[in-house]
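Each chain is listed here by its residues.
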Amino acid sequence: MKLLASDWDGTLRRNLKVDACDLDAIKLFREQQHRFGIVTGRSVGMLKNELAHYHVPCDFMIGTNGGVITDADFSIIWRHDIDFDAAMELIELLKSKPTVMFGISDGDDFGNLQSPEDEGESTLIDVQPIDPQQIISRKQINSFYLRDETKSKTGILYKELSERFKGRMAFHYNAGTIDVSAADVSKRTGIIELMKLFGSHEVYVIGDGHNDIEMIEAFQGFSVEGAPDEVKRKAVRCYHGLADCIEDLLK
């Protein structure tokens, strides 16, 4: 039995759409008793309605860069949260930086703690942030998402936070946004935990972002043609899209 974990933004969903040929390929893959799912930096609540909107069938989701795992109904079956004291320290630090937009998630729900500028029209589908104090009150902070007012400033912030909280949290920089998870958590570790839950499979992964590199290297994975050169160099093979990848896996 094969297991395929695909990144979402930029890999399966490209240019705000999912190609019909990719959906047909996923259907065929699952009909042959293989398992397909999404591995993403987003929280479950940010994405599950979007997957329904695009009619993407899933057997699992690995969310928040490996911080949570869900079953086919998007119920969380495994999680690894950020140390609460470290999370609160990061919140206080970010509040002292007025140009930084940031929010938190419990792995499913999410809420913005600081939005210094108009974020514009959201691309999230059928979902709204909750009051982040609800997440803080439960002391179950699974991830952060943040960025500064420019990509260059966000890059500087990434280096600062990575050094300051080294060994206490994991920082994932991708496409001008920083995702934060518990220490030693990544898409790679999420796949490893998924294998423990699902049992023995032939595991395949495909992605397009810098936060996909570690899992691509670990599982001899694939990339899509639109990925940065640094990502494509790490991939065993580069595909136009998911349908081409699945076609090869089913040969």
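Our subject in this report is the structure included herewith. Note that the structure is a prediction, hence the values are computed from the model and not measured.

## Comments concerning the overall build of the chain
Move 1: Of regular secondary structure, the chain possesses nine helices and 13 strands.
Move 2: For 251 residues, the compact-globule estimate of 2.2 N^0.38 gives 18 Å, and the chain sits close to it at 17 Å.
Move 3: Seen through its principal axes, the chain has C-alpha atoms that stretch 55 × 35 × 35 Å.
Move 4: Buried positions account for 53% of the 251 residues belonging to the chain.
Move 5: Long-range pairs, those at least 24 residues apart, make up 61% of the contacts in the chain with a sequence separation of at least 6.
Move 6: Roughly 11,500 Å² of accessible area belongs to the chain as shown, and the carbon and sulfur atoms make up 46% of that amount.

## Description of the nonpolar core
Move 1: In terms of nonpolar packing, the biggest core is built from 30 residues, with Leu4, Trp8, Leu12, Phe36, Ile38, Leu51 and Val56 touching the most fellow members.
Move 2: Among the elements of the structure, α1 (20-31), β2 (35-39), α2 (44-53), β11 (202-207), β12 (222-224) and α9 (242-249) are those that each provide at least two residues to this core.
Move 3: With five residues, the single largest contributor to this core is α9.
Move 4: In this structure Leu4 touches Phe29, Arg35, Phe36, Gly37, Phe60, Tyr204, Val205, Ile206, Leu242, Ile246 and Leu249, once residues within four positions along its chain are discounted.
Move 5: One finds Ala87, Leu113, Ile135 and Ile136 within the second-largest nonpolar core, a separate group that totals 26 residues.

## A word on helix α6 (residues 187-198)
An α-helix turns once per 3.6 residues; consequently, residues spaced three or four apart project the same way.
Move 1: When the terminal C-alpha atoms of α6 are compared, their 16 Å separation across twelve residues agrees well with the 16 Å that a helix rising 1.5 Å per residue should span.
Move 2: When α6 is considered as a whole, its buried residues turn out to be Lys187, Thr189, Gly190, Ile191, Glu193, Leu194 and Phe198.
Move 3: Of the residues trailing α6, Gly199 is marked for its positive phi of about 85°.

## Focus on the pattern of salt bridges
Move 1: Taken as a whole, this structure holds 22 salt bridges when the rule is applied.
Move 2: The partner of Arg14 in a salt bridge is Asp22, and the shortest N-O contact between them spans 3.6 Å. The pair Arg14 / Asp22 is uniform in exposure class, with both members buried.
Move 3: We note a salt bridge from Asp248 to Lys251, for which the minimum N-O separation is 3.2 Å.
Move 4: According to the relative accessible area criterion, Lys251 is exposed, its value standing at 74%.
Move 5: Residues participating in the shared-partner salt-bridge network are Asp9, Arg13, Arg42 and Glu50.

## Quick word on the packing of aromatic side chains
Move 1: One pass over the structure, following the stated rule, counts seven aromatic pairs.
Move 2: For the pair Tyr158 and Tyr173, a centre-to-centre distance of 5.5 Å together with 35° between the ring planes defines the contact as tilted. Of this pair, Tyr158 sits in helix α5 (residues 151-164) while Tyr173 sits in strand β9 (residues 169-174); the two residues are 15 residues apart in sequence, bridging distant segments of the chain.
Move 3: For Tyr158, a relative accessible area of 26% corresponds to the partly exposed category.
Move 4: Looking at Tyr173, the relative accessible area reads 27%, which means it is partly exposed.

Scoring rules and cut-offs
- Residues numbered from 1 in each chain as written.
- Predicted model: local features only at pLDDT ≥ 70, side-chain atom pairs only at ≥ 80, totals over all residues.
- Heavy atoms only, no water.
- Helix = DSSP H or I, 4+ residues; strand = E, 2+ residues; numbered from the N terminus.
- Rg over C-alpha atoms; globule rule 2.2 N^0.38 Å.
- Buried < 20%, exposed > 50% of the residue type's maximum accessible area, 1.4 Å probe, protein only.
- Contact = heavy atoms within 4.5 Å.
- Areas by Shrake-Rupley, 256 points an atom, 1.4 Å probe, with all protein chains shown as cover.
- Core = buried A, V, L, I, M, F, W, Y, C linked by side-chain atoms within 4.5 Å.
- Expected span 1.5 Å × (residues − 1).
- Salt bridge = Lys/Arg side-chain N within 4 Å of Asp/Glu carboxyl O.
- Phe/Tyr/Trp six-rings, centres within 6.5 Å; stacked < 30°, edge-to-face > 60°.

All we've got here are geometric facts, nothing functional implied.
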